[in-house]
Amino acid sequence: MKRFAYGIAALLLASSVFHGTVYLVDDGGWSGPVSWRKPILFGFSFGLTLATLVWVSGRVRLTPRQERWILGPLAVASLIEVALIAAQKWRGVPSHLNFATPADATISAVLAVTAFLGLIPPIVAITYLAYRRLDAPPEMRLAIRAGLAILVLSQFAGGALIANGRVIGLPPEATDLSIFGAAGQLKVPHAVTLHALQVLPILAALLALTSWNAGARLRIVVMAAAGYAGIVLVAVLQALQGRAPADLTAVTGALLLASAAALLGSGGAALVRISPAALARLSRK
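What comes next is a walk through the structure.

**A closer look at the overall build of the chain**
If you tally the helices and strands in the chain, you get ten helices and two strands. N-terminal to C-terminal, the α/β element order of the chain is α-α-α-α-α-β-β-α-α-α-α-α. Rg of the C-alpha trace for the chain: 20 Å, near the compact-globule value of 19 Å for 285 residues, within the 12% margin. Evaluated residue by residue, the chain yields a buried proportion of 45% over its 285 residues. Long-range contacts, defined as pairs at least 24 residues apart, comprise 72% of the intrachain contacts of the chain with a sequence gap of at least 6. Carbon and sulfur atoms make up 71% of the accessible area of the chain, which amounts to about 13,700 Å² in all. Of the charged side chains in the chain, 23 are positive and 10 negative, and the gap between their average positions amounts to 16 Å.

This is the structure:
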């Protein structure tokens, strides 16, 4: 099942590259409900997230039965989501919350049901198992668990996007359905929460190549996780206050600076202490 899920992840990433190439040739704009941005970004995010979750599943020691019931639905649901989003772009119509025709309404319903039934339960299941058992060094355990917790938050952010669009009640061509209040962008917290599961484990993997001792490596990941959480909090606060992402208050501006400094400082601490001997061992593997 892991091989099947990795194959689907590779297909989704290839779809992103393909649509990116089409965008470079066709242009057609980047923003709006009908743009090449959607199949490009959805293919990339779904492919990367699926591949990472399969990788994590190998560290929580899923049984063959658990793999079938967790990775199988997750891979199929990811494929359905990206395929329908791409199909709607090729048809020249919005993919989400589009009820203009019976076909569009059916696709919008399938996208919502697939997300709630095919994506959220497997992600929650892997997160639950990762907090019970996880075969990894302490800093990697923390990175994976923090990344998964933030990924679960992304599912709530996605639900908030759909709920907000339903409350607005206008066709997606008429307005940006992700706007909350005056200018709050619900897409931003949804996007930010999606990729902590890549950023934090990559940092932990880099730290394994450094001369930092075990305690220092763990503290650096704690700092990075706190920084990432702070950036998520800023995105949420800006959206819920109806403020555009760049329209920072004194509080959110200070929090963003501190959080970014913590995250970037953690990456810098890893890069400056990478051990040549560790790199040499890695190259021989």
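**Here we look at the pattern of salt bridges**
Considering all chains together, one arrives at five salt bridges under this definition. Linking Arg91 and Asp104 is a salt bridge whose minimum nitrogen-to-oxygen distance equals 2.8 Å. With Arg91 in helix H3 (residues 64-91) and Asp104 in helix H4 (residues 102-132), this residue pair connects regions lying 13 residues apart in the sequence. In this structure Asp104 comes out as buried when scored by relative accessible area, which is 3%. We note a salt bridge from Lys187 to Asp176, for which the minimum N-O separation is 3.8 Å. One end of the pair, Lys187, is in helix H6 (residues 187-194); the other, Asp176, is in the loop between helix H5 (138-168) and strand S1 (179-180), with eleven residues separating them in the sequence. Residue Asp176 is classed as partly exposed on the basis of its relative accessible area of 31%.

**Brief notes about the packing of aromatic side chains**
Enumeration over the complete set of coordinates arrives at three aromatic pairs. Relative to Trp90, the ring of Phe18 lies with its centre 6.4 Å away and its plane at 25°, an arrangement referred to as stacked. Of this pair, Phe18 sits in helix H1 (residues 2-26) while Trp90 sits in helix H3; the two residues are 72 residues apart in sequence, bridging distant segments of the chain. Residues Phe42 and Phe46 carry aromatic rings whose centres are separated by 6.1 Å and whose planes lie at 20° to one another, so their mutual orientation is stacked. You can see Phe42 and its partner Phe46 sitting in helix H2 (residues 37-57), four residues apart, about one turn around the helix.

**Let's talk about unusual backbone geometry**
In this structure, Arg61 takes a positive phi of about 55° despite not being glycine. Looking at the element boundaries, Arg61 is found in the loop between H2 and H3. For Arg61, a relative accessible area of 47% gives the class partly exposed. You will see that Leu97, though not glycine, has its phi angle at about 55°, which is positive. Mapped onto the elements, Leu97 comes out in the loop between H3 and H4.

**Observations concerning the environment of Leu62**
Note that Leu62 resides in the loop between H2 and H3. Look at Leu62 and you get buried, because its relative accessible area is 9%. For the pair formed by Leu62 and Ala235, sequence separation is 173 residues and the distance between their alpha carbons is 34 Å. Excluding residues within four positions of it along the chain, Leu62 makes contact with Ser57, Glu67, Ile70, Leu71 and Leu129.

**A word on a nonpolar patch on the surface**
On the surface, Met1, Phe4, Val76, Ile80 and Val110 cluster together into a nonpolar patch covering about 370 Å² of accessible area. For Phe4, a relative accessible area of 42% puts it in the partly exposed group.

**What to know about H1**
Given a rise of 1.5 Å per residue, 25 residues ought to cover 36 Å, and the 36 Å separating the end C-alpha atoms of H1 matches this to within 8%. Every buried residue of H1 is listed here: Ala5, Ile8, Ala9, Leu12, Ser15, Ser16, His19, Gly20 and Val22. On its buried face, H1 sits against H2 and H3. At the C-terminal side of H1, Asp27 shows a positive phi close to 60°.

Rules of the game
- Residues numbered from 1 in each chain as written.
- Predicted model: local features only at pLDDT ≥ 70, side-chain atom pairs only at ≥ 80, totals over all residues.
- Heavy atoms only, no water.
- Helix = DSSP H or I, 4+ residues; strand = E, 2+ residues; numbered from the N terminus.
- Rg over C-alpha atoms; globule rule 2.2 N^0.38 Å.
- Buried < 20%, exposed > 50% of the residue type's maximum accessible area, 1.4 Å probe, protein only.
- Contact = heavy atoms within 4.5 Å.
- Areas by Shrake-Rupley, 256 points an atom, 1.4 Å probe, with all protein chains shown as cover.
- Lys, Arg positive; Asp, Glu negative; His and termini not counted.
- Charge placed at Lys NZ, Arg CZ, Asp CG, Glu CD.
- Salt bridge = Lys/Arg side-chain N within 4 Å of Asp/Glu carboxyl O.
- Phe/Tyr/Trp six-rings, centres within 6.5 Å; stacked < 30°, edge-to-face > 60°.
- Patch = residues over 30% accessible without salt bridge, like charges linked within 9 Å, V, L, I, M, F, W, Y side chains within 5 Å.
- Expected span 1.5 Å × (residues − 1).

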